[in-house]
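The residues making up each chain are set out below.
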Amino acid sequence: MLAKSIIEAHEALAEFIADRSNLERLGTVSKELAGVLRSGGKLLAVGNGGSMCDAMHFCEELTGRFRDDRPPMAAIACSDPGHLTCVANDYGYDEVFARWVRGLGRPGDALVALSTSGNSANVIRAVEAAKELDMRVVLLLGKGGGKLAGTGHHQWIAPGETADRIQEIHMLVLHTVIEGIELHVSEH
């Protein structure tokens, strides 16, 4: 019975890999994000629930380390409970990420936004704020992409019917992008 979950994950990944543009985009996005970091910019990341945990994981791999020792890289996930509760209380939950992006984002920075539905209002608002600031936007979405489909510079839409299957592919993409960022940064 539980083996069905592993089989579903394998099938979702096979479907993702079958679209070769998903694989080609890994190099493009890695190179672009490495360029943001090399030019003194930073990467911001947002998501709700498990996607917030993935955003945090992505950033800590960059500020800490992934596989090998190297200098830390500028990456921050919007996960500060003080900020989140202050903005949610004073401005509404839809503004928690957008206000943070406006406070920390600068032209030339990049936003990595995760939403398994593609319809999270607070993530949509963050993407809008990033675009207003002339930031690059990378989206990791699911369920057809929802309202966020096509709103970023780059996107992956993971197949899968449930958030866990989608998030598994998102984390694999993020780990691979980190590997690519490290390769591109070390080349210079």
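Here is a short report on the structure shown in this document.

Conventions adopted
Residues numbered from 1 in each chain as written. Predicted model: local features only at pLDDT ≥ 70, side-chain atom pairs only at ≥ 80, totals over all residues. Heavy atoms only, no water. Salt bridge = Lys/Arg side-chain N within 4 Å of Asp/Glu carboxyl O. Helix = DSSP H or I, 4+ residues; strand = E, 2+ residues; numbered from the N terminus. Buried < 20%, exposed > 50% of the residue type's maximum accessible area, 1.4 Å probe, protein only. Core = buried A, V, L, I, M, F, W, Y, C linked by side-chain atoms within 4.5 Å. Contact = heavy atoms within 4.5 Å. 1 Å grid on protein atoms, 1.4 Å probe; cavity = no way out; pocket = protein on both sides within 12 Å on 5 of 7 lines; lining within 4 Å. Points joined across faces, edges and corners; volume = space filled by probe spheres on them. Nonpolar A, V, L, I, M, F, W, Y, C, P; charged D, E, K, R; others polar.

A look at the pattern of salt bridges
- Under the definition given, this model contains twelve salt bridges.
- The residue E95 makes a salt bridge to R125 at a minimum N-O spacing of 2.6 Å. Of the two residues, E95 sits in the loop between α4 (81-91) and α5 (96-104) while R125 sits in helix α6 (residues 121-132), which places them 30 residues apart along the sequence.
- Assessed through its relative accessible area of 16%, E95 is described here as buried.

Brief notes about the nonpolar core
- By size, the foremost hydrophobic cluster in this structure holds 33 residues, and its most contacted members are L33, L43, F58, V112, W156, V177 and I181.
- Top contributing element to this core by residue count: helix α7 (residues 163-186), with eight residues.
- With residues up to four places along the chain from it excluded, the contact list for L33 reads L43, F58, A110, V112, V138, V177 and I181.

Some remarks on empty space enclosed by the protein
- In total, this model carries one cavity of 30 Å³ or more according to the counting rule given.
- Considered as a void within the structure, the largest cavity measures approximately 30 Å³ in volume.
- Grouping the amino acids of the lining of the largest cavity by side-chain chemistry returns nine nonpolar, no polar and no charged.

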